[in-house]
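Listed below are the residues making up each chain.
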Amino acid sequence: MYKISLRGLSKELIDKNKIMSKQITSKNTENSNEFYTVLPVFKKGIADVGSKIYNNPTLEDLENEIWVDALGFDGVYEVSNLGRIKSLGRWVSNGKSERWIKEKIRKQVLVSDGRLTCPLKGVSINVSAIIFLSFNSDTPYNPKKQCVMHINKIKDDNRLCNLKIESISKSHKINYKKNLLPHLEKNNKKARNEYLKLTHKICTKCNENKTIINFEYGRNKCKSCRKIEKKESYLKRKIKPQQ
Ligand SMILES: [Zn+2]
């Protein structure tokens, strides 16, 4: 949806831009910066300047590009504020001999949900996260509760200025409002239908197998157990202030 390749655009649009795209391809190797500033013409409003920069193989710094060590990969990989990842020139040993590996821009892979990943030392890394965290290594980050969000919602635009840390729940809310999670809605419906088929459930508190009428929707503790718990917590709250 947010890719700005020729794929997915109408034929008419492609024809209109055919001459232009030819110019772009020839320019691509010489002046890659220009390549990206021209591309958004294809479909206004979707692509922002900066998307696709990650594919630029030139070893020269692009305009306003800043490189820092990739978090956890010091001396091996660097990431840039424009979303590129580079492996540094270095000696690599296989135990018997050493060989020199040239500096190289790493290829990033678009996964099915539209995000970019990159295999670093055999581990597939979420590019947006490693870029943000490499530049903000002092920022506390809890991957269980937080995620690195794309501000403009273009998932392959990993420029630093487009990234921020957000709680997963808030990010989900934003995506839901913008209707960016159709697959989740489908899954939720499916889960709900599965749940409604249940006739019995085992309460996680009293371990009794009870009919589904004894549970509120989605709850794993039975109604009577929840009642007891609510009462207990109420009493706790009531007693505490007096202490
Ligand atoms: Zn129970």
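So, here's what we can say about the structure. (Residues numbered from 1 in each chain as written. Predicted model: local features only at pLDDT ≥ 70, side-chain atom pairs only at ≥ 80, totals over all residues.)

## Quick word on the pairing of strand β3 (residues 77-80)
Rules: We call a residue exposed when 12 or fewer other C-beta atoms sit within 10 Å of its C-beta, buried when the count reaches 20 or more, and partly exposed for counts in between; the C-beta positions come from the backbone. Helix numbers and strand numbers start at the N terminus; a helix is a DSSP run of H or I with at least 4 residues, a strand a run of E with at least 2. Between any two strands, pairing holds if DSSP finds at least two bridges.
Across the two faces of β3 the burial is the same, with Tyr77 and Val79 and Glu78 and Ser80 all buried. Alignment of strand β2 (residues 67-69) against β3, held across three bridges, turns out to be antiparallel. What sits directly across from tryptophan 67, in β3, is serine 80. Alignment of β3 against strand β4 (residues 85-87), held across three bridges, turns out to be antiparallel. Bridging from a neighbouring strand, glutamate 78 pairs with lysine 86 of β4. Counted along the chain from β3 to the antiparallel partner β4, the turn is four residues long, and its residue glycine 83 has a positive phi close to 100°.

## Focus on helix α7 (residues 223-239)
As a reminder of what qualifies: Residue count minus one, scaled by 1.5 Å, sets the expected span of a helix.
If you check α7, its first and last C-alpha atoms are 24 Å apart, about what 17 residues at 1.5 Å a residue would give, namely 24 Å. Among the 17 residues of α7, one are classified as buried, and the element is accordingly described as predominantly exposed.

## Things to note about the nonpolar core
Soluble, globular proteins show a tendency: their nonpolar side chains are buried together. For clarity, the threshold we go by: Each nonpolar core comprises buried Ala, Val, Leu, Ile, Met, Phe, Trp, Tyr and Cys residues, the members being joined through C-beta atoms within 7 Å. Two residues qualify as a contact pair if the distance between their C-beta atoms, derived from the backbone, is within 7 Å.
One finds Val79, Ile85, Val127, Ile130, Ile131, Phe132 and Val148 to be the most contacted residues of the largest nonpolar core, which totals 20 residues. Elements represented by at least two residues in this core include exactly β3, β9 (116-120), α4 (127-135) and β11 (146-150). No other element matches the six residues that α4 contributes to this core. Those residues in contact with valine 148 that lie beyond four places of it in its chain are Ser128, Ala129, Phe132, Leu163 and Ile165.

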